[in-house]
Amino acid sequence: MEKEILEQYEKVKDILSEEEFLAEMEEIRPNYDDLPFINDADIAADVVNNHIGVKDISSSKNSADESEDDSSFEEVVMTDELLEKYEQVKDFLSQDEFLAKMNALKKENSDVSFMNEETFADQIIGEYIEKKNEILTEREEYSSDDIGLLENGDKEKSFTGVVKIISNPKSFKTRKGNSGRVCNVEVEDKTGSIRVVLWTENIKHLKNINEGDIVHVGGVDIKDGYSGLEATMRPRSVFEKVVDADPADYPEYVEEITPIKDVEADTTVNIIARITRIPPVRSYTKNEKEGKVASLELQDESGTISYTLWNNNVDLIESLDLNDGDTVKILQAQVRERNDEKSLSHWDGRIIKGDFDVPDFVHEFSEIGDLDDGDSDIAIIGVVTKIQDIRKFKRKSDNSEGQLRNFNITDDTGSIRVTLWGESADIEIKKGDIVKLIGGNVVYDEYAAEGHSINTNFSTQITVNPKNLSDEQLSLFNSIKESLQPMSIEQVFLIDDDNVDVDVMGRAMSVGDVRSFERPSDGSEGRVRSASISDGTQVIEISLWDDKTEIPMDVGDAYLFENARVRFTMDSINLNIGSSSRVIKLSEDEAKFLPSFESLEKMIYEYREITDLDEYDENIYVVGRIFEVFDVRELERDDGSKYLLRNIEIADNSSAVRVSLWGDDAQREFDEGEAIKIQNPRVDYYNDQLTLNVGRNTAIVKPSDEELLNLPSLEELKESIYVQKEIEAIEDEDVNVRVTGTLQDLVSERLLIRKCPNCGNNIGDIEIDGETTCEFCGEEFDEPRTTIMIPTTLVDDTGEIGITFFDNLVEELLEMSKDEIVSIVNDDPGALDGRIDDLEGLTVEVIANVRYDEYNEARRLNPRKILQKYY
């Protein structure tokens, strides 16, 4: 490492090793592929800047310290120096065009601290000089220097030599996200050797160049690299084969092929071999930096050996389309030895895929039905007939996170479960794929149906949909694939045995809330969510458990449920979606064979107007507009647990009805006037009033445009529902009548009604001090359940009728909160009598329901809201 580079490295030696520092220099070198004046010290300084954020560039050039923020960007001004540069390209560009290109380059390279305006001008000149200066491509104009006499800093040098090493091109991305490629070629004459660096636009010259060819390299700049002198090519540089050169004038190229069994540690060798295995790429972390590695297995007639590709070289597997069975020539592979075992590593050499003379190697593929416990390093091929989602877990040893994925491979002899670990679990595999597995051990597995499964490791090759399958194999696998089509829900109902796994496809017709419960076995918390789906043949209820409850599901959307477990209940059949199941949301194109949600709705549910509803109606839907939204209430069950309830009222052309929403549904936001469609509600009578209960199999969705056309506006509904009546015209069971009258004969003595919170019986005015025992149910309680009410009479010109105001309506009449009222009356039972008496003669307009009081043989009003009050 030369002095200037070493000075830069000293700044980051606590962060990077020397090897890593030099590797990073090579990685960012492509950023400066057309900047021949940038030397290795400049690049080293940029590595430092990447890690410590300090611009300390050892360059004699002026630094253009522009910010990337356009607001601080200063456009280039034509100076005398730039004018001289422009004179060289004035035949190609106007001054305005020249400056526009300058500004574009200045913005693009704003983060390269040692580039300045002269740099950008030189780049522009290079583009156009290349077009008019063709002298370098005329052989008589070639000039050659001895490679051994080249020195760091030489410009526009040319030389001729024999190609000793060609590396595979490597892809890279600059910090600005631009893609490129770089390739190294070692050229040697009788005086020395040098590495030639070819960038993206130069690599085309290698199309017909091979090791041993004699080439002329022209128009390159010489600089020190980390392994000696380098010749960096520019866009106008020459790299071409010299067809009439005398080989005797150059060093001989000898391509010695070493048998695998004869490789020696710490040497560089050429081998010809067949690839027998390509395991998945693995990631690793070293010194807090991410890397990737893949170790191929090679074999020739003398033996086998692993061949390791690191980091960007891993991409060669894809770019060269390497597969097991391919024959390759590998040049300049480095031999390593560890634990008395030799291996090869790829660095600057080359992999050449071709048809080389290597003995055939055919894996002995086992039939799945013949596998048994203890079989090792097996090879199988088959169709994926079942696959599970990736599962995460914590390792007990160090609490680190791991992952695994199970899937089943099937051939015509049987099926077996395969477990992938770590990054292998991320391999894209889906049901119906053909998978070739090379390497892996068969182990006892009490949870697998076959009694054993395959465990994979880092050297296992997983090939998805391999090429070159025989017609016989394709025919077999296609027949297996045909059996993987999802089952219709109608067919599910014909299954005789539960605990069978099936695949079904359908649209969500309802999606319930997530419910928590305690498992009796270990006291752990579980979660479950109910939903219903349909494919047009039937509707079936599904239960999603634990992590599957977190999967978003929306009514009307289409889903594929893989590995759903059939379960019989007392009077029905449903599907369990557990840890081994998969829920896949389908696009509308993927769901094109399913009926639309609107079609399913009409097939499954019967439309009812509100006035036609009857108790115990099933599989119906109603469409209405919300005309009243009540507050959420928290209630308590007998076991002390809490639950939420919200009531809303909806109406259509025919009538109105109350809707009760529970749990999470109670917390949904509803707006007065909003149109909704309620599918599959439970229809009950509660307090002599028809009520729609939104249960776990009920869906609330937006009505269609056609349904909205038939729905009155909110104002129209209020006019039709809140029917104005005089007291004399009121009839039994009238609902939502609007009545105006004067309050008379208000009763203040019954303002507070106190009841046992356990049985609901009236406990009267007994004194409560601490725990009190209810004389009706015998249960103890600390506080009674208190209701506030004012019984009175409503009078108009036609007659009178009893009416009782409760809770929130009492608060509205007295203009006090319930807590205030209860507190005052508890301290002084008659304290509010005068305030109640002041209501005598108050005129109110109310919305009320009518009930018949059989005990007093008279009608009474149950007011729901007070529209107006005035004296």
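Keep in mind that what you see is a predicted model, and the values were worked out from it rather than measured. (Residues numbered from 1 in each chain as written. Predicted model: local features only at pLDDT ≥ 70, side-chain atom pairs only at ≥ 80, totals over all residues. Heavy atoms only, no water.)

Quick look at the overall build of the protein
To keep things clear, this is the line we draw: Each helix is a run of DSSP H or I of at least 4 residues and each strand a run of E of at least 2, with the numbering of both proceeding from the N terminus. Categorising residues by exposure relies on relative accessible area from a 1.4 Å probe, with only protein chains included: less than 20% of the type maximum marks a residue as buried, more than 50% marks it as exposed, and the intermediate range marks it as partly exposed. Here a residue-residue contact requires only that any non-hydrogen atoms of the pair lie within 4.5 Å. Method for areas: the Shrake-Rupley scheme with a 1.4 Å probe, in which residue coverage is limited to the protein chains shown. Charge assignment in this entry is limited to Lys and Arg as positive and Asp and Glu as negative, and neither His nor the chain termini are counted. Taken as the charge location is NZ of Lys, CZ of Arg, CG of Asp or CD of Glu.
A tally of regular secondary structure across the protein gives 15 helices and 46 strands. Along the first, second and third principal axes, the C-alpha atoms of the protein reach 130 × 80 × 55 Å. The 871 residues of the protein split such that 47% are buried. Taking as baseline every contact in the protein between residues at least 6 positions apart, the subset at least 24 positions apart corresponds to 62%. A total of about 45,600 Å² of accessible surface is found on the protein, and carbon and sulfur atoms cover 42% of it. Here the protein contributes 95 positive and 194 negative side-chain charges, whose respective centroids are spaced 3 Å apart.

Looking at helix α12 (residues 714-721)
The cut-off we apply is this: Throughout, the arc means that of the directions going from the helix axis to the C-beta atoms.
By the burial criterion, the buried members of α12 are Leu714, Leu717 and Ile721. The arc enclosing the buried residues of α12, seen along the axis, measures out at 60°, which places them on a common side. Away from the buried face of α12 by more than 90 degrees, exposed residues Glu715 and Glu719 are located. The elements touched by buried residues of α12 are β30 (620-629), β32 (642-651), β33 (656-662) and β38 (723-724).

Let's talk about the packing of aromatic side chains
Quick note on the threshold: Pairing of aromatic rings covers Phe, Tyr and the six-membered ring of Trp, with a centre-to-centre limit of 6.5 Å; geometry is then stacked below 30 degrees between planes, edge-to-face above 60, and tilted otherwise.
Enumeration over the complete set of coordinates arrives at eight aromatic pairs. On the numbers, 5.9 Å between centres and 90° between planes, the contact of Phe517 with Trp545 is edge-to-face. Taken together, the residues span a long stretch of sequence, with Phe517 in strand β23 (residues 501-518) and Trp545 in strand β25 (residues 539-545) at a distance of 28 residues. Owing to a relative accessible area of 28%, Phe517 belongs among the partly exposed residues under this scheme. Seen from their ring centres, Phe627 and Tyr722 are 5.6 Å apart, and the 80° between their planes marks the pair as edge-to-face. Taken together, the residues Phe627 in strand β30 and Tyr722 in the loop between α12 and β38 connect sequence positions 95 residues apart. Tyr722 carries the same exposure label as Phe627, and that label is buried.

Section: the nonpolar core
Stated precisely, the cut-off is as follows: Working definition of a nonpolar core: buried Ala, Val, Leu, Ile, Met, Phe, Trp, Tyr and Cys residues. They are joined through side-chain atoms within 4.5 Å.
In this structure, Leu751, Leu794, Phe805 and Ile821 are the most contacted members of the largest nonpolar core, which totals 32 residues. Elements with a minimum of two residues in this core: β39 (737-744), β43 (785-796), β44 (799-806), α13 (807-814), α14 (818-827), β45 (843-853) and β46 (858-870). Setting aside residues up to four positions removed in sequence, Leu751 forms contacts with Thr787, Ile788, Met789, Ile790, Val810, Ile821, Val825, Leu832 and Ile836. Formed by 23 residues, the second largest nonpolar core is a distinct cluster that contains Ile275, Leu296, Tyr307 and Leu309.

With respect to the pattern of salt bridges
Selection criterion: Criterion for a salt bridge: a side-chain nitrogen of Lys or Arg within 4 Å of a carboxyl oxygen of Asp or Glu.
The full count for this structure, using the stated rule, is 47 salt bridges. Notably, a salt bridge pairs Arg582 with Glu562, separated by 3.3 Å at the nearest N-O pair. Linking Arg582 in strand β28 (residues 582-585) with Glu562 in strand β26 (residues 558-568), this pair joins segments that are 20 residues apart in sequence. Assigned by exposure class, Arg582 and Glu562 land together as buried. A salt bridge links Arg608 to Glu606; its shortest N-O distance comes to 3.5 Å. According to the relative accessible area criterion, Glu606 is partly exposed, its value standing at 45%.

Here we look at the pairing of strand β4 (residues 192-199)
Our working definition: We call two strands paired when DSSP finds no fewer than two bridges between them.
Most of β4 sits out of view: six of its eight residues are buried. Sheet topology note: the strand β3 (residues 179-189)/β4 ladder contains eight bridges and is antiparallel. Looking at β4, one finds that Glu186 is bridged to Arg195. Here β3 folds back onto β4 in antiparallel fashion, the turn holding two residues. Where β4 meets strand β6 (residues 228-232), three bridges bridge the pair, whose relative direction is parallel.

A short note on the environment of Asp433
We apply this condition: Within 3.5 Å is the distance limit for a polar contact, defined as a pair of N or O atoms, with the added protein rule that one can donate a hydrogen and the other accept it, and that residues adjacent in sequence qualify only through two side-chain atoms.
By secondary structure assignment, the location of Asp433 is in the loop between β18 (414-421) and β19 (434-438). Here the alpha-carbon distance between Asp433 and Lys107, two residues 326 residues apart in the chain, equals 48 Å. Among all residues touching Asp433, those that are not within four sequence positions of it are Gly382, Val383, Val384, Glu428, Val464 and Asn465. Only 3.2 Å separates the side chain of Asp433 from the side chain of Asn465, close enough to count as a polar contact.

Thoughts on the side chain of Arg646
Residue placement: Arg646 occurs in strand β32. Lacking a salt bridge, the buried Arg646 has Glu669 as its closest oppositely charged neighbour, with an N-O distance of 4.7 Å. A polar contact is formed between the side chain of Arg646 and the backbone oxygen of Phe630, at a distance of 3.0 Å. In this structure the side chain of Arg646 is engaged in a polar contact, spanning 2.9 Å, whose partner is the backbone oxygen of Ala666. With residues near it in sequence (within four places) discarded, Arg646 still touches Val629, Phe630, Asp631, Val632, Val659, Ser660, Leu661, Ala666 and Arg668.

Some words on the packing of helix α4 (residues 80-87) against helix α5 (residues 95-108)
What counts, and what does not: A fitted line through C-alpha atoms represents every axis, and for helices the fit uses only the stretch in contact; the resulting angles, taken between N-to-C directions, go from 0 to 180 degrees. Roughly parallel covers angles under 35 degrees, roughly antiparallel covers those over 145, roughly perpendicular covers 65 to 115, and oblique covers all other angles. If you view the pair so one helix is near and one far, a crossing is left-handed when the near helix is turned anticlockwise from the far one by less than a right angle, and right-handed when it is turned clockwise. Ten residues, namely Ala, Val, Leu, Ile, Met, Phe, Trp, Tyr, Cys and Pro, are considered nonpolar, four, namely Asp, Glu, Lys and Arg, are considered charged, and the remaining ones, Gly among them, are considered polar.
As a packed pair, α4 and α5 sit with axes 11 Å apart at the nearest point and diverge in direction by 110°. For the element pair α4 / α5, the angle class is roughly perpendicular. Here α4 runs over α5; the crossing is right-handed. Listed contacts from α5 to Leu82, Leu83 and Tyr86 of α4 are Gln95, Phe98 and Met102. Here the contact of α4 with α5 is built from residues that sort into five nonpolar, one polar and no charged.

Quick word on the confidence of the model for the protein
Quick reminder of the rule: Note: pLDDT gives the predictor's confidence per residue, expressed from 0 to 100.
Averaged over all residues, the pLDDT of the protein equals 86, while 91% of them reach at least 70. In this model residues 131-141 is a low-confidence stretch, pLDDT under 50, and it forms eleven contacts with partners more than four residues away in sequence or in other chains.

Some details on unusual backbone geometry
Not every positive phi belongs to a glycine, and Glu733 is a case in point at roughly 65°. Of the residues examined, Glu733 reaches a relative accessible area of 68% and is grouped as exposed. Phi is positive for Asp807, close to 35°, though the residue is something other than glycine. Locating Asp807 in the fold gives a position in helix α13.

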